[in-house]
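# Coordinate analysis (summary)
The residues making up each chain are set out below.
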Amino acid sequence: MFDTVVFDTLSLALEEADLLPETGNLLCLRAEAVPFLMRLPKERLTCQNSFKPDHDALKAAGFTVLPPEAESFPSAALTIILPPRQRDETRALFARAMRDAPVGGVIVASLPNTLGAKTGEKILAELAGETQSLSKHKCRAFWATKTEDWNAQLAEEWIAFDAPQEVDDGALWSRPGLFSWDRVDAGSELLADSIPEWIRGRGADLGAGQGYLAREVLANCPHVESMDLFEAEHRALACQAKNLEGYSNWASHWADVTKNAPKAEFDFAVMNPPFHTGRADSTSLGQDFIRAAADTLKTGGTLWLVANRHLPYESVLSECFKSHEMLEDEGGYKIIKAEKPKRKR
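Keep in mind the model is a prediction, meaning the values are calculated, not measured. (Residues numbered from 1 in each chain as written. Predicted model: local features only at pLDDT ≥ 70, side-chain atom pairs only at ≥ 80, totals over all residues. Heavy atoms only, no water.)

### Structural notes on the sheet that holds strand S12 (residues 250-254)
As a reminder of what qualifies: Strands qualify as paired when DSSP identifies two bridges or more between them. Here a helix means four or more residues in a row that DSSP labels H or I, a strand means two or more in a row labelled E, and each is numbered from the N terminus. Helix axes are fitted to C-alpha atoms over the stretch in contact, other axes to C-alpha atoms as well, and angles between N-to-C directions run from 0 to 180 degrees. We call two residues in contact when some of their heavy atoms are within 4.5 Å.
The strand order across the open sheet built from seven strands is S12-S11-S10-S13-S16-S18-S17, with neighbouring strands paired in mixed fashion. Single-partner strands in this sheet number two, and they are S12 and strand S17 (321-330). Looking at each pair of strands side by side, their axes are set apart by 15° on average, direction ignored. With six bridges joining them, strand S10 (residues 201-206) and strand S11 (residues 224-231) adopt parallel strand pairing. Each residue of the ladder has a partner; that of Gly201, found in S11, is Val224. Packed on one face of the sheet, helix H7 (residues 186-194) meets strand S13 (266-271), strand S16 (297-308), S17 and strand S18 (333-341) and runs near 50° to S18. Sheet strands touched by helix H8 (residues 212-220): S10, S11, S12 and S13. Its angle to S11, the strand with the most contacts, is close to 175°.

Below, the structure is given as structure tokens:
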């Protein structure tokens, strides 16, 4: 989630550079249901976000929202982009926006100066040629108009690189923008090595990402009946399908774990919970994942968790589980086993 100053700077750019057209479609990519968006003509606006909480918030606010798998966009006179964190994902998003805009269409974005505003403008300039910008509130809004000689070949290269691909010498299928996108995460690998072969029953991978943990459980734990993967970023689901090829006893769910996980259904859960909301640290998000894990486990179920050593999860584990213990403390990570939710929450 972006700070309000990003949207204030965007609003200033729309007004001072007269970027908002009187007619024609509007498009907002990686949109957030914030007051800035409410001030745009809703009847002309289409929004996109593949992250489940933002997608659902946009729909609840009454906006027209593209399907989460959409990677081509309707033609729009003005395209507004809220760039993601990772550079290659940002490049692909700008490339798709430029590709699908009509000649004469405007693409505009905004970023804080400390989070890559100059880099974002450079990316847009590589595609469009000339850009313009406005700086305010320690942020930069930048924009370009699509012309006939925009760099279509470069856009194709950036879009192609955004597809699911093998990384880490073939150890994982992934794509830009996902957590630890270009290698197996060291904490997840440590957790996979710590889960005993004797676990059994139905398992859940909460915040499953590319599906690495679920794959390792299915590969090494013969008594496991099935794995259900819950992931809020829809872009990860295609990678899960690649990583779990050859296994039939799994299911993928595009879901906000903190709101949509089923109750008292699983014998065990594994997770490397996120602790960022958008670009900001959010310890409470990991704590909410632990509460969701307690809810989704049957009485007597077990949670296997990896976290950065400094993250304060012990109090919420005590709140939700009968007992918990740290099994490993290595490389800045802690592996925790928690047993038997105390009560039906």
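### Concerning the side chain of Thr90
Cut-off, in case you're wondering: Type-normalised accessible area, obtained with a 1.4 Å probe on protein chains alone, sets the label of each residue: buried when under 20%, exposed when over 50%, and partly exposed for intermediate values. In protein, a polar contact means a hydrogen-donor-capable atom and an acceptor-capable atom, both N or O and within 3.5 Å, with residues adjacent in sequence counting only if both atoms are side-chain atoms; elsewhere, any N or O pair within 3.5 Å suffices.
For Thr90, the position within the fold is in helix H4 (residues 87-100). Overall, the relative accessible area of 5% leaves Thr90 in the buried class. Polar side-chain contacts of Thr90 include one of 3.0 Å to the backbone oxygen of Pro84. Leave out the neighbours within four places in its chain, and Thr90 touches Pro83, Pro84 and Ile123.

### Quick word on the domain arrangement of the chain
The condition that has to hold: For the domains described, the bounds stem from an automatic or database domain assignment. Joining two parts hides part of their accessible area as seen by a 1.4 Å probe, and the buried area is that hidden amount summed over both. A pair is scored as a salt bridge if a Lys or Arg side-chain nitrogen falls within 4 Å of a carboxyl oxygen belonging to Asp or Glu. Any residue outside Ala, Val, Leu, Ile, Met, Phe, Trp, Tyr, Cys, Pro, Asp, Glu, Lys and Arg is labelled polar, Gly included; the first ten of those are nonpolar and the last four are charged.
Each assigned domain of the chain is listed here: domain 1 (4-161) and domain 2 (165-341). The C-alpha-based centres of domain 1 and domain 2 are spaced at 32 Å. In this complex, domain 1 contributes 19 residues to the contact, which on the side of domain 2 involves 16 residues. Both sides together, the interface formed by domain 1 and domain 2 hides about 1,600 Å², and carbon and sulfur atoms give 54% of it. A per-residue breakdown of the area domain 1 buries against domain 2 is headed by Lys52, Arg85 and Phe161, which together make up 36% of the total. At the boundary of domain 1 with domain 2, the tally comes to three salt bridges. With a closest N to O distance of 3.2 Å, Arg30 and Glu233 form a salt bridge. For the side of domain 1 that touches domain 2, the secondary-structure elements that each account for two or more residues are helix H3 (52-60) and H4. By residue class, the composition of the side of domain 1 that touches domain 2 is eight nonpolar, three polar and eight charged.

### Quick notes on unusual backbone geometry
Its identity as a non-glycine residue notwithstanding, Arg30 has a phi of 60°, on the positive side. Structurally, Arg30 can be placed in the loop between strand S1 (26-29) and helix H2 (35-38). Not every positive phi belongs to a glycine, and Ala264 is a case in point at roughly 45°. Its location among the elements puts Ala264 in the loop between helix H10 (257-260) and S13.

### With respect to a negative patch on the surface
Applicable threshold: Residues qualify for a patch when their relative accessible area is over 30% and they have no salt bridge, like charges being joined within 9 Å and the nonpolar side chains of Val, Leu, Ile, Met, Phe, Trp and Tyr within 5 Å. Where accessible areas are quoted, they stem from the Shrake-Rupley method and a 1.4 Å probe; at the residue level, only the protein chains shown are allowed to cover. Asp and Glu count as negative and Lys and Arg as positive, but His and the ends of the chain are not part of the count. Lysine's charge is taken at NZ, arginine's at CZ, aspartate's at CG and glutamate's at CD.
Together, Asp168, Asp169, Glu189, Asp193, Glu328 and Glu330 make up a region of like negative charge exposed at the surface. Put simply, the parts of the chain that give the negative patch at least two residues each are H7 and S17. By relative accessible area, Glu189 is classed as partly exposed at 39%.

### Side note on the environment of Met1
Within the secondary structure, Met1 sits in the segment before helix H1 (4-16). With 33 residues separating them in the primary sequence, Met1 and Val34 have C-alpha atoms 9.6 Å apart.

### Re the nonpolar core
Grouped burial of nonpolar side chains is what soluble globular proteins tend to show. Put simply, the rule is: The nonpolar core is taken to be a set of buried Ala, Val, Leu, Ile, Met, Phe, Trp, Tyr and Cys residues, with the residues joined through side-chain atoms within 4.5 Å.
With 30 residues, the main nonpolar core has Phe36, Leu37, Leu45, Ile80 and Val108 as its most contacted residues. For this core, the elements supplying multiple residues, two or more each, are H1, S1, H2, strand S2 (45-48), strand S4 (78-81), strand S5 (106-112) and strand S7 (139-145). For this core, the leading source of residues is H1, giving five residues. Ignoring anything within four residues of it in the chain, the contact list for Leu37 reads Cys28, Ala31, Glu32, Leu45, Cys47, Leu58 and Phe63. Counting 28 residues, the second-largest nonpolar core is a separate cluster that includes Ile199, Val217, Val270 and Trp304.

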